[in-house]
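Given next are the chains, with one letter for each unit.
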Amino acid sequence: MTITIDKSDGITTIAINRPDARNAVNPETARLLYQAFLDFEADEAQRVAILTGTGGYFCAGFDLKAAGAGDATGWMAKVQIPEGWDNPVIHPIPGPMGPSRLMLSKPVIAAIEGPAVAGGMELAAWCDMRVMAQGAVTGVFCRRWGVPLIDGGTIRLPQILGQGRANDLILTGRGVEASEALSLGFANRTCPQGEALKVARTIAADLIRFPQTCMLADHLSARMTPTDLAAALRWEWVSFAAFAAEGQAGAARFASGKGRSGDFGDI
Ligand SMILES: CC(C)(COP(=O)([O-])OP(=O)(O)OC[C@H]1O[C@@H](n2cnc3c(N)ncnc32)[C@H](O)[C@@H]1OP(=O)(O)O)[C@@H](O)C(=O)NCCC(=O)NCCSC(=O)C[C@@H](O)C[N+](C)(C)C
């Protein structure tokens, strides 16, 4: 299985399990993650979820090798606006990274070791809180491949960081380590390397001790920002459909091993 699921003491821990690919998410993994979070939402015995990755990596984003495989007939070149988009509260299909279009009622905490980049950063931003271990890095690394953020990053990063800080990260695609992520407000907690899951579990256990109805109601209210999330998510997708060919070419470049050193001059 490309994900693992553990349920104990009301805490569901869902881990992406493709360490050889730095836990990049391929379409099958996206489906499994989406279903795992739907199951978590439906299971009344489960109160808090933790999203993490195995092997000391959170997630390297979308699987660029899967995306770049073949030619212009690859996954990204076939992007279309899904039917039923007008009501994305619980979208009928997974986002490319899995659960990014789900609005869960219960809290989700990201436990981040190693890279949480590109779509991995978007998954972390989808979570309600983020614990980053020393040595973890986040950033919009997909900038270099011409692959846009379409798992909520363009909406959630400004919400979490503020527009100016989000602009810096979205435009430059630079890497941000745990201590800077804490000062920017992306990380809620930092911890020594190897302890992100332990810290996330401690937070989760604390949340479970509270009366749940009130906590969940406040959690819901806190997400009611003036932003029209539905419109913003739709715009992300429309934009991606327009620029998918560039991302397809970038993914092929990644898969071929070119451009990893930071020289993007031939794009
Ligand atoms: C994560 C990373 C910093 C880790 O560095 P490392 O030095 O620890 O590891 P590595 O040697 O670079 O990679 C180890 C293995 O992991 C693979 N790998 C790493 N990232 C991958 C990826 N995203 N897809 C497929 N394989 C990936 C590498 O190809 C390699 O495979 P190999 O051993 O067979 O050569 C480095 O691998 C890296 O920069 N990876 C690329 C990250 C990146 O730019 N991701 C962008 C994905 S696009 C995206 O996620 C945006 C999203 O919204 C997209 N979409 C719209 C389609 C949903």
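Provided above is the structure to which this section pertains.
Residues numbered from 1 in each chain as written. Predicted model: local features only at pLDDT ≥ 70, side-chain atom pairs only at ≥ 80, totals over all residues. Heavy atoms only, no water.

Thoughts on the packing of helix 4 (residues 153-161) against helix 5 (residues 163-172)
Right, so step 1: Where helix 4 contacts helix 5, the two axes come as close as 7 Å, and the packing angle between them is 135°. When the interaxial angle is binned, helix 4 and helix 5 end up oblique. Relative to helix 5, the crossing made by helix 4 is right-handed. Residues Gly153, Thr154, Leu157, Pro158 and Leu161 of helix 4 touch helix 5, and the partners they reach there are Gln163, Arg165, Ala166, Leu169 and Ile170.
Right, so step 2: Taken together, the residues that form the contact of helix 4 with helix 5 break down as 6 nonpolar, 3 polar and 1 charged. (Axes fitted to C-alpha atoms, helices over the stretch in contact; angles between N-to-C directions. Helix = DSSP H or I, 4+ residues; strand = E, 2+ residues; numbered from the N terminus. Parallel < 35°, antiparallel > 145°, perpendicular 65-115°, else oblique. Left-handed = near helix turned anticlockwise from the far one by under 90°. Contact = heavy atoms within 4.5 Å. Nonpolar A, V, L, I, M, F, W, Y, C, P; charged D, E, K, R; others polar.)

Quick notes on unusual backbone geometry
Right, so step 1: Backbone geometry places aspartate 9, a non-glycine residue, at a positive phi of 55°.
Right, so step 2: Structurally, aspartate 9 can be placed in the loop between strand 1 (3-8) and strand 2 (11-16).
Right, so step 3: Despite not being glycine, arginine 22 shows a phi value in the positive range, around 55°.
Right, so step 4: In this structure arginine 22 comes out as partly exposed when scored by relative accessible area, which is 37%. (Buried < 20%, exposed > 50% of the residue type's maximum accessible area, 1.4 Å probe, protein only.)

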